[in-house]
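# Fold and geometry: a report
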Amino acid sequence: MAKRKRLTPPNPTYLDTPPLETKSMFATPRAAPIADVARDASSTAALNELSDSLARAREEGRMVVDLPLDQIVVDHLVRDRLVVDETEMQTLKTSLRRRGQQTPVEVMQLGDGRYGLISGWRRCRALAEIAEEDGRYDPTVLALLRRPEEASDAYLAMVEENEIRVDLSYFERARIVVKAVDEGVYGTERTALQMLFHSASRAKRSKIGSFLPVVRALDGALLFPQALSERLGLSLSQALNDDPGFADRLTARLAAAEIDTPETETALLTKTLAAQNQSLKAKTETTSANPEPAFRDETIGAFTLRRHRDGTLSILGAAWPDKLEPDLKRLLSNASAYVPK
């Protein structure tokens, strides 16, 4: 009798969906570890280079930064601008409201989170007034962070910006020369004038230099120095050089007068200058009417001894015979008494 074949029980999961393959001969190969390291290192280097470039740009004044306005020390430098026209200020404020700040100011770090203003005084003032009018207590200003190696660089930056943007008076230009010397930035007024206005013409520098005595004598005494015309300023400079005592008399008259407008001050200066010139002219004419003689003659025998005003002596006479020899000896003896020992 044949042996029966034993049957296995049915597979209950035979018809179920087969599980997904987790491996395949066509799977994308995994990147080599060295490639990951190289890629990460390259990204890190690029970020470091970008950070260094941004830091250098900030330090070298090539990047605009947004700074709190209350951290700007606007009087860090002695400003060359003495007054601001209110009409111009309103125009600037209108532009800032409509278009925002288009041109950054220039500052230098002072430490403790403070920045000294180099240029942009009007913009800072206009932004502060706008913030006050709008009730904002945290105004900011766009600025370029400069690194002037010396104070002279800061003064030069301020002067050059205002020479381009603002028509300063000769008094204001001369005043910044005087103040730069007083602050110890430059050793002499001549050096300050040459360095601060090196791009100006020789004629312009000469006129600025002519205003230096006016600034020295009248800075603080004039209420409207920006209104001092070029012609009047040059005339005052000449008068101050001719008579050192004129400065005291002029400042005394300015202090005693009631001046409320530029026209009033100009009229007083003109009148005082005219009186000074008239006084000098009268003094010169009086001196010329009674001039001191250039020499004085003394006759000694046949000769003349001429005593000059400068202290020198001359002997006047022609050839003489032997009989005049005693007169000549007497003349020489007389002249020798006046020869310095």
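The structure this text deals with has already been given above.
Since we're looking at a predicted model, the values are computed, not measured. (Residues numbered from 1 in each chain as written. Predicted model: local features only at pLDDT ≥ 70, side-chain atom pairs only at ≥ 80, totals over all residues. Heavy atoms only, no water.)

## Regarding the packing of aromatic side chains
- Scanning the entire structure with this criterion turns up one aromatic pair.
- Plain terms: the ring middles of Tyr-170 and Phe-211 are 5.8 Å apart, the flat faces sit at 25° to each other, and that makes the pair stacked. Here Tyr-170, found in helix 5 (residues 170–182), pairs with Phe-211, found in the loop between helix 7 (202–210) and helix 8 (212–218); they are 41 residues apart in sequence, far enough to count as distant. Of the two residues, Tyr-170 and Phe-211, neither departs from the other in class, the shared state being buried.
- Arg-173 extends its terminal NZ or CZ atom over the ring of Tyr-170, reaching a point 5.4 Å from the ring centre. (Phe/Tyr/Trp six-rings, centres within 6.5 Å; stacked < 30°, edge-to-face > 60°. Helix = DSSP H or I, 4+ residues; strand = E, 2+ residues; numbered from the N terminus. Buried < 20%, exposed > 50% of the residue type's maximum accessible area, 1.4 Å probe, protein only. Lys NZ or Arg CZ within 6 Å of the ring centre and 35° of its normal.)

## Here we look at the nonpolar core
- Formed by 39 residues in total, the largest nonpolar core has its most connected members in Val-177, Leu-196, Phe-197, Leu-228, Leu-236, Leu-254 and Leu-269.
- At the level of secondary structure, the elements contributing two or more residues to this core comprise helix 4 (151–165), helix 5, helix 6 (189–196), helix 8, helix 9 (230–242), helix 10 (246–256) and helix 11 (262–289).
- Of the residues forming this core, the biggest block, eight residues, is contributed by helix 5.
- Residues contacting Leu-254, with those up to four places away along its chain left out, are Leu-218, Ala-221, Leu-222, Ile-259, Glu-265, Leu-268 and Leu-269.
- Residues Leu-67, Leu-117, Ala-126 and Ile-130 belong to the second largest nonpolar core, which totals 18 residues. (Core = buried A, V, L, I, M, F, W, Y, C linked by side-chain atoms within 4.5 Å. Contact = heavy atoms within 4.5 Å.)

## Topic: the packing of helix 5 against helix 6
- Across the interface, helix 5 lies against helix 6 with an axial gap of 9 Å and an inter-helix angle of 120°. The orientation of helix 5 relative to helix 6 falls into the category oblique. Regarding helix 5 and helix 6, the two cross each other, and that crossing is right-handed. For the pair helix 5 and helix 6, contact is made by Ile-176, Val-177, Val-178, Ala-180 and Val-181 and by Glu-189, Ala-192, Leu-193 and Leu-196, respectively.
- The class makeup of the residues in the contact of helix 5 with helix 6 is eight nonpolar, no polar and one charged. (Axes fitted to C-alpha atoms, helices over the stretch in contact; angles between N-to-C directions. Parallel < 35°, antiparallel > 145°, perpendicular 65-115°, else oblique. Left-handed = near helix turned anticlockwise from the far one by under 90°. Nonpolar A, V, L, I, M, F, W, Y, C, P; charged D, E, K, R; others polar.)

## Some points on the packing of helix 9 against helix 10
- The N-to-C vectors of helix 9 and helix 10 enclose an angle of 130°; their axes lie 8 Å apart at closest approach. For the element pair helix 9 / helix 10, the angle class is oblique. For the pair helix 9 and helix 10, contact is made by Leu-236, Ala-239 and Leu-240 and by Phe-246, Ala-247 and Leu-250, respectively.
- Class assignment for the residues of the contact of helix 9 with helix 10 results in six nonpolar, no polar and no charged.

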